[in-house]
Amino acid sequence: MAALDTIRTKFGIVISVIIGLSLLLFILDNDTLMKLFSGDTAKAHRVAVIDGQNVTIEEFQSRIDGLKNIYGGSGNADQEKAIRDEVWQSYINQYLFVRNAEKAGIRVGVEELKDLTSGDNMSPIISQSFPDKSQIESFISQNPEGWDYLIDLVRNQQYYDKYFALFVNSSYVNPLMLTRAIEENNTTADVDFVMVPFGYVRDTTVEVSSSEIRKYYKDHKKMFRQNESRDVEYVLIEVVPSASDIAAAEEDFNRLYEEFSETDNVKGFLLRNSSEQSFDGYWYKEGELNTISRDINSFAFEGKGGVSPIYRSGDAFLAARVMDSAKRPETVTVKVIPMPEGQSEINSDVLAQLDATETVDMTQTYTIPGCEPLFSTPANKAVKLESPQYGTLVGKVISSSEPVLMKQVAIFKKSAIASKETFSNFYSQANLVSSRSNGKYENFKTVCDTMGLYIHPANRISRNNEKFGVVDNAREVTNWAYGVKKTGSVSEIITVNQKYFFVAALTGIHEEGYAPIEEVSSQISELLYSQKAGDKKLEEISQKIEGKSSLEEIADVLGTTVSNSASIAFSSLNSQGLDPAFIGAVAAAEENVVSAPVKGSYGVYVFRVNSRDTGSFYTEDDAKANNVRMMQYSLQTIVPVMMDDADVKDNRARFF
């Protein structure tokens with residue numbers, strides 16, 4: 001009985017809570033319970049929050065999968081990233097840009113969209129994908145998802161075009177503004193001046209108090225808003241082939257060189273032997289091969305053809321084989337149609353349909369599949385073509401550029417690869433840094449100094465950062481930096497692309513929001529010091545030159561000389577390198593009057609405008625062109641400003 005009383009007294013509240021929860025679970029349905037207890041889980045599944053709209057990982061991945069189906073499957077890492085970026089942009093368009101455009105009164109109607117996709121004002125997105133309108137119907141029946149995707153692209157592009165046009169057309173420069181811009185850019189001043197620099201030695205009599213720092217921080221807090229970021233320092237050890245690895249690669253290349261020279265199946269040879277350059281039948285003009293090797297370009301266009309000697313470039317070995325040579329046009333303007341149903345030969349009816357279709361410009365990089373033979377077909381000769389994508393086509397050349405000498409060149413290239421022994425040696429070096437650091441920053445610095453390893457700083461890296469110095473796709477380093485909770489931590493070996501070893505130290509954590517005053521106090525202190533030191537220098541100079549009427553006297557008192565600039569203009573185009581405060585003071589000063597001291601960014605100025613000259617080199621067209629450039633810059637900031645205003649949260653780095 002005593003035991004029951006003790007339980008009732010000490011644990012009565014706990015028992016009441018348990019009973020209460022049991023009753024709650026009995027009363028509430030499953031949906032309500034999920035809403036109550038899955039808040040953290042839902043948050044963990046968010047890829048983004050765009051203007052209050054949550055995007056879950058399941059939704060995001062579903063769009064990725066859909067886009068992969070449209071593109072025909074997965075690709076390499078760069079292509080995967082491009083698809084994810086495209087999906088991200090689709091959500092920005094859907095939940096942010098299009099909504100804002102519609103709030104501004106912009107609409108894209110059904111009839112308008114129909115005209116853009118199949119009418120007389122076809123969008124470039126459609127016309128470039130389907131040079132012939134008759135191909136559209138076949139594509140829709142075979143790939144309806146792909147067509148819906150194209151429609152969405154066209155619709156969004158029209159919203160962008162209209163929204164940007166709204167900005168451009170609302171930018172009006174009135175005659176007064178135009179005249180003033182022309183006048184300011186055409187007026188130059190001949191100025192004598194004396195300048196006393198602030199100097200690089202710190203003035204110990206100028207003090208900045210903690211209360212001044214706190215006041216500035218409070219008054220300018222918006223300036224210190226920051227995104228989430230991390231500061232790291234890292235050592236990078238790159239695995240490179242040793243001398244023996246390079247010698248082995250050269251021996252292997254020499255062994256295969258003879259087969260490359262004689263094989264009838266060059267394409268298969270390059271594929272079978274993992275050549276870094278495949279053969280795709282591309283026609284090179286002189287100079288294009290320089291991007292691969294200047295030696296190969298010289299061999300192909302200065303020699304007689306055949307097979308080149310073996311060349312070495314860094315750790316790689318190359319050889320070239322000229323497969324064909326011809327004079328070919330770089331561009332051709334053609335007319336192409338599908339072979340009409342029921343027809344098998346080119347007759348007058350087919351020719352009439354061909355003549356009625358629109359022309360298409362083709363280059364090697366933009367060619368209708370199956371229409372490559374038109375680059376060597378005489379003008380106005382209709383020919384049948386077999387396209388793997390569109391079936392039998394009929395085409396003819398309307399015009400072409402002047403033919404130039406081109407070569408089809410097969411290039412056999414193999415780079416030396418680090419052996420297991422070499423890889424192990426570099427790994428041991430990285431392991432030495434990691435093990436001796438023992439997770440501590442102080443040890444990390446000492447070890448790197450002892451081993452003579454350079455420590456790379458990387459400050460303010462975002463969650464999406466994938467690049468560290470010369471290394472791309474190094475997300476592993478970023479993930480480590482965001483997974484560590486304590487500054488001063490040092491990583492184990494982080495391997496990237498099986499070629500780079502990182503050992504990193506976390507040196508700073510910056511959370512989203514306002515930077516704490518402790519983090520920015522030194523920055524504020526330097527700013528306030530500069531202001532106070534400048535004011536003090538201005539006051540000192542004002543006292544020293546009081547009563548002096550000429551620049552020569554002032555220069556003598558200040559221990560400096562009089563300088564001259566003959567073409568100072570109130571225009572950034574003509575005044576680069578000069579102190580903005582000085583330029584502004586000159587623009588407003590009277591002629592032949594010695595000015596009062598002016599505090600600039602670099603020092604204190606006293607000056608006299610000797611004369612002004614008005615030219616005519618800056619025209620009305622220049623002023624209008626400058627306004628267009630400013631507007632184009634403004635257009636680039638529209639979406640980022642929208643994203644900032646909508647407080648967009650991008651959490652992709654947590655999932656990909």
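Please refer to the structure placed before this passage.
Remember, predicted model here, so these are calculated numbers, not experimental data. (Residues numbered from 1 in each chain as written. Predicted model: local features only at pLDDT ≥ 70, side-chain atom pairs only at ≥ 80, totals over all residues. Heavy atoms only, no water.)

A. The overall build of the protein, seen in detail. Helix and strand content of the protein: 23 helices and 21 strands. Its C-alpha atoms give the protein a radius of gyration of 35 Å, clearly above 26 Å, the size a compact globule of 656 residues would have. Taking the principal axes of the C-alpha coordinates as reference, the protein spans close to 110 × 100 × 70 Å. The buried share of the protein, reckoned over its 656 residues, is 36%. Considering the protein, the positive charge centre built from 66 side chains and the negative charge centre built from 91 side chains are found 5 Å apart. (Helix = DSSP H or I, 4+ residues; strand = E, 2+ residues; numbered from the N terminus. Rg over C-alpha atoms; globule rule 2.2 N^0.38 Å. Buried < 20%, exposed > 50% of the residue type's maximum accessible area, 1.4 Å probe, protein only. Lys, Arg positive; Asp, Glu negative; His and termini not counted. Charge placed at Lys NZ, Arg CZ, Asp CG, Glu CD.)

B. Structural detail: the environment of Glu184. Here Glu184 shows up in helix H10 (residues 175–186). With a relative accessible area of 23%, Glu184 lands in the partly exposed category. Here the alpha-carbon distance between Glu184 and Val557, two residues 373 residues apart in the chain, equals 34 Å.

C. Broad picture of the sheet that holds strand S13 (residues 404–415). Strand order across the open sheet formed by four strands is S6-S13-S8-S7, with antiparallel pairing between neighbours. At either margin of the open sheet sits one strand with a lone partner, and together these are strand S6 (283–285) and strand S7 (311–313). Looking at each pair of strands side by side, their axes are set apart by 50 degrees on average, direction ignored. As judged from the twelve bridges shared by strand S8 (residues 316–328) and S13, these two strands associate in the antiparallel manner. Its bridge partner lying in S13, Arg328 is registered against Val404. Along the sheet, helix H12 (residues 243–262) contacts S7, S8 and S13; its crossing angle with S8, the most-contacted strand, is approximately 30 degrees. (Pairing = 2+ DSSP bridges. Axes fitted to C-alpha atoms, helices over the stretch in contact; angles between N-to-C directions. Contact = heavy atoms within 4.5 Å.)

D. Quick peek at unusual backbone geometry. Phi is positive for Asn380, which is not a glycine, with a value near 65 degrees. Tracing the backbone shows Asn380 in the loop between strand S10 (360–362) and strand S11 (383–387). Positive phi, close to 60 degrees, is recorded for Asn592, a residue that is not glycine. Residue position: Asn592 is located in the loop between helix H21 (580–588) and strand S19 (598–599).

E. Looking closely at the packing of aromatic side chains. On inspection of all chains with the given rule, the structure shows 25 aromatic pairs. Taking the centre distance of 5.2 Å and the plane angle of 75 degrees together, the rings of Phe423 and Phe501 count as edge-to-face. Taken together, the residues Phe423 in helix H16 (residues 420–437) and Phe501 in strand S16 (residues 500–510) connect sequence positions 78 residues apart. Look at Phe501 and you get buried, because its relative accessible area is 1%. (Phe/Tyr/Trp six-rings, centres within 6.5 Å; stacked < 30°, edge-to-face > 60°.)

F. Examining the nonpolar core more closely. Ranked by internal contacts, the top residues of the largest apolar core, which has 41 residues, are Ile50, Phe60, Phe97 and Ile126. Those elements giving two or more residues to this core turn out to be strand S1 (46–50), helix H4 (57–71), helix H5 (77–103), helix H6 (110–118), helix H9 (144–170), helix H22 (620–636) and helix H23 (638–645). When residues in this core are grouped by element, the largest group, ten residues, is from H5. Once residues lying within four places of it in the same chain are set aside, the contact partners of Ile50 are Val55, Tyr91, Ile92, Tyr95, Leu96 and Val648. (Core = buried A, V, L, I, M, F, W, Y, C linked by side-chain atoms within 4.5 Å.)

G. How the structure looks around the side chain of Thr333. One can find Thr333 in strand S9 (residues 332–338). A polar atom in the side chain of Thr333 sits 2.7 Å from the side chain of Asp361. Those residues in contact with Thr333, other than ones at most four positions away along the chain, are Thr359, Val360, Asp361, Lys396, Val397, Ile398 and Ser399. (Polar contact = N/O pair within 3.5 Å; in protein donor to acceptor, adjacent residues only side chain to side chain.)

H. Representation of the pattern of salt bridges. Counted by the stated rule, this structure contains 26 salt bridges. In this structure, Lys215 engages Asp219 in a salt bridge whose closest nitrogen and oxygen atoms are separated by 2.8 Å. In this pair, Lys215 and Asp219 are both assigned in helix H11 (residues 210–219), four residues apart and thus about one turn of the helix distant. For Lys499, the salt bridge goes to Glu238, with nearest N and O atoms at 3.7 Å. Here Lys499, found in the loop between strand S15 (494–496) and S16, pairs with Glu238, found in strand S5 (residues 229–238); they are 261 residues apart in sequence, far enough to count as distant. Look at Glu238 and you get partly exposed, because its relative accessible area is 32%. When salt bridges with common partners are traced through the structure, they connect Lys81, Asp85, Asp650 and Arg652 into a single cluster. (Salt bridge = Lys/Arg side-chain N within 4 Å of Asp/Glu carboxyl O.)

I. Here's a closer look at the packing of H4 against H5. The contact between H4 and H5 brings their axes to 10 Å, and the two run at 120 degrees. Here H4 lies oblique to H5, going by the angle between them. Helix-helix and strand crossings are classified by hand; for H4 and H5 the assignment is right-handed. Facing Glu59, Phe60, Arg63, Ile64, Leu67, Lys68 and Tyr71 of H4, the residues of H5 in contact are Glu80, Ile83, Arg84, Glu86, Val87, Trp88, Ser90, Tyr91 and Gln94. Of the residues assigned to the contact of H4 with H5, the class counts are eight nonpolar, two polar and six charged. (Parallel < 35°, antiparallel > 145°, perpendicular 65-115°, else oblique. Left-handed = near helix turned anticlockwise from the far one by under 90°. Nonpolar A, V, L, I, M, F, W, Y, C, P; charged D, E, K, R; others polar.)

J. Summary view of H4. Over its 15 residues, H4 runs 21 Å from end to end, which matches the ideal 21 Å to within 8%, given 1.5 Å per residue. Residues Ile57, Phe60, Ile64, Leu67 and Lys68 constitute the buried set of H4. All buried residues of H4 lie within an arc of 105 degrees about the axis, which places them on one face of the element. Among the structural elements, S1, strand S2 (53–56), H5 and H9 are those in contact with the buried residues of H4. Positive backbone phi, at 90 degrees, marks Gly72, one or two positions downstream of H4. (Expected span 1.5 Å × (residues − 1). Arc of directions from axis to C-beta.)

K. Just the sheet that holds S15, in detail. Spatial ordering of the open sheet is given by S14-S5-S16-S15, a layout of four strands whose pairing is antiparallel. Strands with a single pairing partner mark the edges of an open sheet, and in this sheet they are strand S14 (456–461) and S15. Neighbour to neighbour, the strand axes of the sheet diverge by 35 degrees on average, direction disregarded. Judged from the four bridges that link them, S5 and S14 form a sheet pairing that is antiparallel. Across the sheet, the residue bridging to Tyr234 is His456, located in S14.

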